[in-house]
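So you can see what is in the structure, the chains are spelled out below.
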Amino acid sequence: MANMMYREAVLRTIFEEMERDENVVMLGEDIVGGMGTAGGPEAIGGIWSTSTGLFGKFGANRVIDTPISESAIIGAANGLALSGKRPIAELMFADFIGVSLDQIWNQMGKFRYMFGGKSKCPAVVRMAYGAGFNAAPQHSQSVHSLLTSMPGLKVVIPSTPADVVGLLRTAIRDDDPVMFLEHKALYATKGEVPDGDYTIPFGHARLTRAGQDVTIVTCGLMVGFCERVADKLAKEGIGCDVIDLRTTSPLDEEAILDSVEVTGRLIVVDESTPRCSIATDIVALVAEKAYSSLKAPSVMVMPPHTPVPFARELESAYLPSTDKIEAAVRKILAWR
Amino acid sequence: MANIRAFTMPKWGIEMTEGTLAEWMVQEGDAFKRGQTLCLIETDKITNEVEAEFDAVLRRLIVPAGGDVQPVGALLAIFADADDSDADIDAFMGNFKAADTSVAARQSDDAAPAPAPVAASAAPAPAPTPKKIETNRPISPEALKLAELRGVDLDPIEGSGRGGRITYQDVDQASRSAAAPVLLGVAELPVNLDGFYASPLAKRLAAMHNVDLSKVKGSGARGRISKADVLALVQPAAPAAAGFLAPAVPVDNRPSVVPMDKIRKVVARRLTEAKQTIPHFYLRMNVRVDELLAMRKTANLVLGTKASINDYLIRAVGVALARHPDVNVQVHGDTIHHFAHADIAVAIASPKGLVTPVVRAANTLRVDQIAAATKGLIAKAESGKLSFADMEGGTFSVSNLGMFGLDQFDAIINPPQGAILAVGGISKVAAEGENGQVRFESRMGLSLSCDHRAIDGAAGAKFLATLKGLIEAPEGLFA
């Protein structure tokens, strides 16, 4: 057991996987952290400190600083992956999938299918997502709903350092393209990480709080919010199942339905925008397959259908909060 | 507004007009869940379970089990929530009006500007006058109607629709009394099970029942362990100790006591009643079937059918009943009902027990048509899909146990029918030929049970003689 930060868990896992398998290579903008500066290639460190020291250990052939072109980063990762490497591409901000969407959506996710299963694309695209940093609409978005809607991609959203390690190992060793979403606000959070070479399979949700009155389904940064609400309500005798999805594609339907069949009440808490989202997807799943278990209409705690605002006050009003989640639990219990 | 609902005598099939409450499975004050069996209702043909369509509490049991026959629509019980007040329930019962399900009533509903209804009972109950609501707020038409009907104040309602539009659901919620949800509380979170590829509920169950997940084989995708895999390994609770110990015997032969299921209980009661109250008498006769067996081969070829001997027998019974209408009867109290056609109930041993679906107007059907009808009924009986319409009615029954090698048996009349024919097996017997010589014949044992209240010995005997004639000279079956 080791206590470490989320960002350290990312770095350590990449480091170990690159050591373990020489086909693992990393590429992205400014990941070397100071290339071309007076102090030398690693003088400054990358923006998220998730690649510190990799260049010194593995060299320029395996740790590649790229030009500022996300299309080129993902395109190069696709080429590497098709020719037998296991690239880890880093998008500095998840919002930049917009500029590289053709490489992600039309190429990466479709190779295996378009070539009759004869080609594989074992690439991982890591990206920092999420709001709360007063970073305005183009650097604050949660893109997992959008990525989950695209067949051919696996979408992973770890919420703890231990999950980062287990899920990132699985992602790197997986033969299909994986979108690996790291919330900016989680990088500095700490947690215990088990020893040993463990992996966490995809499509395998984690129950972080157990209760029999309300099912709260969530992922990423929101997991901690939901846990705090569940702990507070537990003192009043209100039991919440908190389900951390870990991956939205594949989706652990079984965990959600099993829980709703007990509680009869579903709340989905998510940071992406509400229309055509992972939350509406889960609400629809439950309406379709657990209709007879429901005691009340499902509730979604999500931002409004607008871009993330820049102003601090507006941004905090925009995002889900523990107060909003608690209000949702009380609302669903008050259904009559 | 309280959630009080009336439970009334259901209407199964268009001809059902009344039924009897055979047994209540829930008692007054009991809470029940959707899908739970509430009671057993018996009609003159079938007995069926009534399942709850929602969760509620049986607040008033109005018609107890085993009481009088109730017309369709009669109030049997009141379902409501546990917190609905007795006063509300009394008021609800006071206002209850049985729906008139008669054809006349339904037709008068359809007629556009109905003239004054002939029967006073068909007049609709006066609906509460809705109070008109004037509002500028966005609200759906159905929501406004509901608010007017229930007199709901719109001001405190926060519309949940787009732009604050008030929905039907919003008004419905506002019109209900506050909820007091039953909380089940926090559950134990399993520890140290992170490494297992199992669903969260499977892990919880494993922790609860001390199941070692490393020994569980997952049946889910890629070997994932699901709740069913764990539950399959959970030992069922040890059975409670037996209430008494049988005296020591060299070989353990204590009975395994199986309570009768509800259907069997009702069948048992009805047969006991039939055997005890109907004055049965029995007419037995052996009939020669050599000609019938021979004819069946050729006739089946010609008709392109696989009709069984039983199908020929049903045809013969149908023809004989048409000639003897005094045997084609039902007995209802002090009246005897005569029928123009022979609706013959055929006893079938189904997986659920004895069932008696009906071949309609068998006297008008060719043998191949009868064969098709019985084939369909047997298939339905075996898959448990017989409907009320398949079982209902019947003017005469045929029960055939010949395939088990017995010679003859007597059957119990299936009320309200007047008679039942019990058919035994076919055996070769030595008989005297026309010139005194000995010859072998195939013979079948028939036994007719008659209700002496409606059928006299001579009437029964004449019917049986006609039946014998039809079987022994089977050309008559194709007349």
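The paragraphs below set out a description of the structure included in this document. (Residues numbered from 1 in each chain as written. Chains lettered and ligands numbered in written order. Predicted model: local features only at pLDDT ≥ 70, side-chain atom pairs only at ≥ 80, totals over all residues. Heavy atoms only, no water.)

1. What about the overall build of chain B?
Broken down by element type, chain B carries 12 helices and 18 strands. Considering only contacts in chain B between residues 6 or more positions apart, those separated by 24 or more positions represent 59%. A total accessible area of about 27,500 Å² is found for chain B, and carbon and sulfur atoms account for 56% of it. (Helix = DSSP H or I, 4+ residues; strand = E, 2+ residues; numbered from the N terminus. Contact = heavy atoms within 4.5 Å. Areas by Shrake-Rupley, 256 points an atom, 1.4 Å probe, with all protein chains shown as cover.)

2. Focus: the sheet that holds strand β10 (residues 214-218) of chain A
All names here are of chain A. With respect to topology, five strands assemble into an open sheet ordered β9-β11-β10-β13-β14, the strand pairing being mixed. Across the chains shown, the open sheet's two edge strands, defined by having one partner strand only, are β9 (206-209) and β14 (299-301). Pairs of neighbouring strands in the sheet enclose a mean axial angle of 25°, with direction left out of account. Two strands pair when backbone bridges link them, and β10 and strand β11 (residues 240-244) are joined in this way by five bridges, in the parallel orientation. Of the residues in β11, the one forming a bridge with Val-214 is Cys-240. Packing of helix α8 (residues 222-234) onto the sheet brings it into contact with β9, β10, β11 and β13 (266-269), and relative to β9 it is tilted by some 40°. (Pairing = 2+ DSSP bridges. Axes fitted to C-alpha atoms, helices over the stretch in contact; angles between N-to-C directions.)

3. Description of the pairing of strand β5 (residues 124-129) of chain A
All names here are of chain A. For β5, the buried fraction is high: six of the six residues fall into the buried class. Neither face of β5 is open: one carries Val-124, Arg-126 and Ala-128, the other Val-125, Met-127 and Tyr-129, and all of them are buried. Here four bridges tie strand β4 (residues 86-91) to β5, and the two strands are oriented parallel to one another. Residue Ile-88 lies in a different strand from β5, and its bridge partner there is Val-124. By the bridge criterion, six bridges tie β5 to strand β7 (residues 178-183) in an arrangement that is parallel. From the neighbouring strand, Ala-128 faces β7, where its bridge partner is Glu-182. (Buried < 20%, exposed > 50% of the residue type's maximum accessible area, 1.4 Å probe, protein only.)

4. Details of the interface of chain B and chain A
Taken together, the contact between chain B and chain A spans 29 residues of the former and 30 residues of the latter. Summed over both partners, the interface of chain B with chain A buries about 2,400 Å², with 55% contributed by carbon and sulfur atoms. Connecting chain B to chain A are five salt bridges. As a salt-bridge pair, Glu-254 of chain A and Arg-224 of chain B come within 3.0 Å of each other at their nearest N and O atoms. Listing elements by their share of the side of chain B that touches chain A, those giving two or more residues are α4 (168-174) and α5 (200-209) of chain B. (Buried area = accessible area lost by both parts, 1.4 Å probe. Salt bridge = Lys/Arg side-chain N within 4 Å of Asp/Glu carboxyl O.)

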